[in-house]
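Okay, here's what each chain looks like letter by letter:
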Amino acid sequence: MAEDGQDPSLADQEDDEPKGLNEEFSELPPVLKGDEKLIELLPGATDNAASFLFRYEDHTLGNALRHIIMKNPQVEFCGYSIPHPAEAKMHIRIQTYDDVSAQEVLEKGLDDLADLCDVVVEKFNEARNESDSQMTA
Amino acid sequence: MTQPSEAELAKRRFVEFTAETIKNTSATDYPGVYPGEDHSWNIDKFRDSFQVEFHETKAFVSSFSLIGLSAPIANAFRRILIAEVPTIAIEDVYISNNTSVIQDEVLAQRMGLIPFKIDDDLFKWLKWAPAKGQPRDYNTIQLDLEVNCEWFEDGKDKYKKAGERDPRKLYKNAHVYARDFVFKPVNRQMPFVNASNDRGIPSPVFPMHPELLIAKLRPGQVIKIKTHAVKGIGADHAKFSPCATASYRLMPKIDIIKPIIGADASKFARCFPEGVISLKPVTEEQAEDENSPYAGHEGEKYAVVADAMKDPVTRECLRHPEFTDKVRLGRIQDHFIFKIESTGQFTSNDLFVEAAKVLKLKCLRAKRAIQLMNK
């Protein structure tokens, strides 16, 4: 934060431009500091059983993602936890049947959840337009 | 693949409330739970089954049902509404002078909590709060508050001769309101001011509630403050939360299994808030059919469910032994009645759309992070 009450007028100097993922997803608050990674593979992973660390995520994404991954019939187990309430970290564990890749399952889960949001918005706007037109009619 | 019957699906969706316990609380629609059934994620199936119904639509208060959603998803939307949809709020307060009875730190705290509405285009253009370094035109909105309290010219006369005691009639600026904030646009913020002036709006930044009281002054007291408002999210501080409340509840369901007739019926109706249960007279036809449970009760009233949505599921009716085997109370597991009250930056309905966008962005960002992880 600024040291004093200086006017926000130094427009040409862009000194705190976000970088990396912060820049790529500038509509979300910039959470990553320095070289931090948003997601890491935790030690002890095999191809079909792995735990992932999500930084700066909580129950919001954790539970929704767990749900959508559990919807995948190739998944034997999926669970999430927040190891410590004072650390902004979320762990998600995925175990799959046979030789299905845990990481691909995670990526599919994220895709499915993104598609779900699209459908929800689409149907929400449809219903909203319908109820608006009923009101004006 | 077998397809369960509608009756079976309705049973699985029903969360039963008995006098002492709640049964069937968690969803079971996952692959592997029911042999031979397909419960895998299918976007087309979801599109067909998901429904939205509106109950109340005012600009800043709306209520709607999302039907066919699972609890973790509905909860993600609710949590994002409260904590992750951005708005602007005053973050830094630079006090030059404050001789009012409100202490500096209390005044600063109050200012943070004032809901400001900012022009949509300016809001989109605005970047996040500066992590460090100087405030810039693209991340800071400057709002100034300068008020001096003094006697009105005829104030002293009014006080002595007319016995006037209302401070607002005796002194100028006896009350300081949110509307006294003045937006000080700088550099690239100017075009937004011009654009909103063209639309007949004097300023692209204004308090949602102009009459919001900030402080009270007496003659000679002064407040001179410069503030910086920034874009932030509710997870950082509740002042950034875009909604007053965002909550959901499950749709109540009342099944009357055996008819409740006569005096019992009105007693039954009294177990619920008004409008939930209505009383209907038994028709001649119903009374004449010997096999019907209404036989011989012509003209008497019987209870029917009029509007289950109004029921808070207090379970009062289960306290009376005459009703225990005649009624089944519960809620529907995948029917969420949302209620969103906005503080003004977005309309309530837009707020929900914003929340869905944020969830999608979080998914896309995580997907990208996995790609980066493999490098």
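Parameters and conventions
Residues numbered from 1 in each chain as written. Chains lettered and ligands numbered in written order. Predicted model: local features only at pLDDT ≥ 70, side-chain atom pairs only at ≥ 80, totals over all residues. Heavy atoms only, no water. Helix = DSSP H or I, 4+ residues; strand = E, 2+ residues; numbered from the N terminus. Contact = heavy atoms within 4.5 Å. Areas by Shrake-Rupley, 256 points an atom, 1.4 Å probe, with all protein chains shown as cover. Rg over C-alpha atoms; globule rule 2.2 N^0.38 Å. Buried < 20%, exposed > 50% of the residue type's maximum accessible area, 1.4 Å probe, protein only. Buried area = accessible area lost by both parts, 1.4 Å probe. Salt bridge = Lys/Arg side-chain N within 4 Å of Asp/Glu carboxyl O. Polar contact = N/O pair within 3.5 Å; in protein donor to acceptor, adjacent residues only side chain to side chain. Patch = residues over 30% accessible without salt bridge, like charges linked within 9 Å, V, L, I, M, F, W, Y side chains within 5 Å. Lys, Arg positive; Asp, Glu negative; His and termini not counted. Charge placed at Lys NZ, Arg CZ, Asp CG, Glu CD. Axes fitted to C-alpha atoms, helices over the stretch in contact; angles between N-to-C directions. Parallel < 35°, antiparallel > 145°, perpendicular 65-115°, else oblique. Nonpolar A, V, L, I, M, F, W, Y, C, P; charged D, E, K, R; others polar. Domains from an automatic or database assignment. Arc of directions from axis to C-beta. Pairing = 2+ DSSP bridges. UniProt positions renumbered as here; feature names shortened; annotations may be inferred. Core = buried A, V, L, I, M, F, W, Y, C linked by side-chain atoms within 4.5 Å. Left-handed = near helix turned anticlockwise from the far one by under 90°.

**Digging into the overall build of chain A**
Each helix and strand in chain A was counted, giving 3 helices and 4 strands. Sequence-ordered secondary structure for chain A, helices as α and strands as β, is α-β-β-α-β-β-α. Taking as baseline every contact in chain A between residues at least 6 positions apart, the subset at least 24 positions apart corresponds to 49%. By element, 46% of the accessible surface of chain A is carried by carbon and sulfur atoms, the whole surface being about 7,200 Å².

**A few points about the overall build of chain B**
In terms of helices and strands, chain B carries 11 helices and 18 strands. Computed over C-alpha atoms, the radius of gyration of chain B comes to 29 Å, more than 25% over the 21 Å expected from 2.2 N^0.38 for 375 residues, which places it beyond the range of a compact globule. Over its C-alpha atoms, taken along the principal directions, chain B stretches across nearly 90 × 75 × 40 Å. With 375 residues in all, chain B has 46% of them scored as buried. If you take every contact in chain B between residues at least 6 apart in sequence, the share linking residues at least 24 apart comes to 75%. On chain B, roughly 18,600 Å² of surface is accessible, and the fraction owed to carbon and sulfur atoms is 51%.

**A look at the interface of chain A and chain B**
Taken together, the 68 residues of chain A in the interface contact 67 residues of chain B. Taking both sides of the interface into account, the surface hidden between chain A and chain B amounts to around 6,700 Å²; carbon and sulfur atoms contribute 64%. The interface formed by chain A and chain B holds 9 salt bridges in total. The partner of A:Lys71 in a salt bridge is B:Asp29, and the shortest N-O contact between them spans 3.6 Å. In this structure, the connection of chain A to chain B is made through 20 residue pairs in polar contact (both at pLDDT 80 or more).

**Comments concerning a negative patch on the surface**
A contiguous patch of negative charge, built from B:Glu284, B:Glu285, B:Glu288, B:Asp289, B:Glu290 and B:Glu298, is present on the exposed surface. Note that B:Glu284 resides in helix H10 (residues 284-288).

**Here we look at the packing of helix H3 (residues 71-83) of chain B against helix H11 (residues 348-374) of chain B**
Residues and elements named next belong to chain B. Their axes nearest at 9 Å, the elements H3 and H11 cross at an angle of 105°. It follows from the interaxial angle that H3 and H11 lie roughly perpendicular. Only Leu 351, Phe 352, Ala 355, Ala 356, Val 358, Leu 359 and Lys 362 of H11 make contact with H3, whose side of the interface consists of Ala 76, Phe 77, Ile 80 and Leu 81. Residues that form the contact of H3 with H11 fall into these classes: 10 nonpolar, no polar and 1 charged.

**Some points on the domain arrangement of chain B**
Residues and elements named next belong to chain B. When cut into domains, chain B gives domain 1 (8-30 + 42-83 + 337-373), domain 2 (87-241) and domain 3 (258-325). Taken together, the contacts link 8 residues of domain 1 with 4 residues of domain 3. Carbon and sulfur atoms supply 73% of the area that domain 1 and domain 3 bury against each other, a total of about 460 Å² over both sides. By the criterion of area lost to domain 3, the three top residues of domain 1 are Phe 17, Ala 19 and Ile 337, representing 68% of everything that side buries. Between domain 1 and domain 3 we count 0 salt bridges in total. Summed over the shared surface of domain 1 and domain 3, the result is 1 residue pair in polar contact (both at pLDDT 80 or more).

**A closer look at helix H9 (residues 263-270) of chain B**
All names here are of chain B. Inspection of H9 places Ala 265, Phe 268 and Ala 269 among the buried residues, and these make up the whole buried set. With its buried residues spanning 100° around the axis, H9 presents them on a single face. The outward face of H9, more than 90 degrees from its buried face, is lined by the exposed residues Ala 263 and Arg 270. Each element contacted by the buried residues of H9 is listed here: strand S15 (243-256), strand S16 (277-281), strand S17 (301-305) and strand S18 (327-342).

**A few points about the sheet that holds strand S7 (residues 141-148) of chain B**
All names here are of chain B. One open sheet accounts for 4 strands, arranged S5-S14-S7-S11; its pairing is antiparallel. The strands lining the two open edges of the sheet, one partner per strand, are strand S5 (87-98) and strand S11 (182-183). Along the sheet face, helix H4 (residues 104-112) touches S5, S7 and strand S14 (222-232) and points at about 155° away from the line of S5.

**A look at the UniProt feature "domain: DNA-directed RNA polymerase RBP11-like dimerisation" (unreviewed entry) in chain A**
The sites that carry the UniProt feature "domain: DNA-directed RNA polymerase RBP11-like dimerisation" (unreviewed entry) are, in the present numbering, residues 50-121 of chain A. Between the C-alpha atoms that bound residues 50-121 of chain A there is a distance of 32 Å. The span itself is 44% helix and 29% strand.

**What about the pairing of strand S4 (residues 89-96) of chain A?**
Look at any regular strand and the pattern is simple: side chains alternate between the two faces of the sheet. Residues and elements named next belong to chain A. Where burial is concerned, the two faces of S4 differ: the one with Met 90, Ile 92, Ile 94 and Thr 96 is buried and the one with Lys 89, His 91, Arg 93 and Gln 95 is not. Pairing analysis gives 7 bridges linking strand S2 (residues 49-55) to S4, with the strands arranged antiparallel. By the bridge assignment for S4, Arg 55 is matched with Lys 89. Here strand S3 (residues 75-81) runs beside S4; their pairing, made up of 6 bridges, is antiparallel. Counted as the bridge partner of Cys 78 is Ile 94 from S4.

**Description of the nonpolar core**
Grouped together as the largest cluster of nonpolar side chains are 99 residues, with contacts concentrated most on A:Phe54, A:Ile69, B:Leu69 and B:Phe77. Mapping this core onto the domain boundaries places at least three of its residues in each of domain 1 (8-30 + 42-83 + 337-373) and domain 2 (87-241) of chain B. Once residues within four sequence positions are removed from consideration, A:Phe54 is found in contact with A:Leu38, A:Ile39, A:Leu61, A:Leu65, A:Ala88, A:Lys89, A:Met90, A:Ile92, A:Leu106 and B:Ala366. If you look at the next biggest cluster of nonpolar residues, it comprises 19 residues, including B:Phe17, B:Phe268, B:Cys271 and B:Phe323.

**Considerations on the sheet that holds S3(A)**
Each strand in a sheet pairs with its neighbour through backbone hydrogen bonds, running either in the same direction (parallel) or in the opposite one (antiparallel). Residue and element names in this part refer to chain A. The 4 strands are arranged S1-S2-S4-S3 in an open sheet whose pairing can be described as antiparallel. Taken across any chain shown, the strands that pair with only one partner, and hence form the sheet edges, are strand S1 (39-41) and S3. With direction set aside, neighbouring strand axes in the sheet form an average angle of 20°. In this sheet, S2 lies alongside S1 in antiparallel orientation, the contact comprising 3 bridges. By the bridge assignment, Ile 39 is partnered in S2 with Phe 54.

**A closer look at the packing of helix H2 (residues 59-70) of chain A against H3(B)**
At their nearest, the axes of H2(A) and H3(B) sit 8 Å apart, and the two run at 160° to each other. It follows that H2(A) is roughly antiparallel to H3(B) by the angle criterion. Pair H2(A) / H3(B) crosses with left-handed handedness. Here H2(A) contributes A:His59, A:Thr60, A:Asn63, A:Ala64 and A:His67 to the contact with H3(B), which in turn contributes B:Pro72, B:Ile73, B:Ala76, B:Arg79 and B:Ile80. Its residues assigned to classes, the contact of H2(A) with H3(B) comprises 5 nonpolar, 4 polar and 1 charged.

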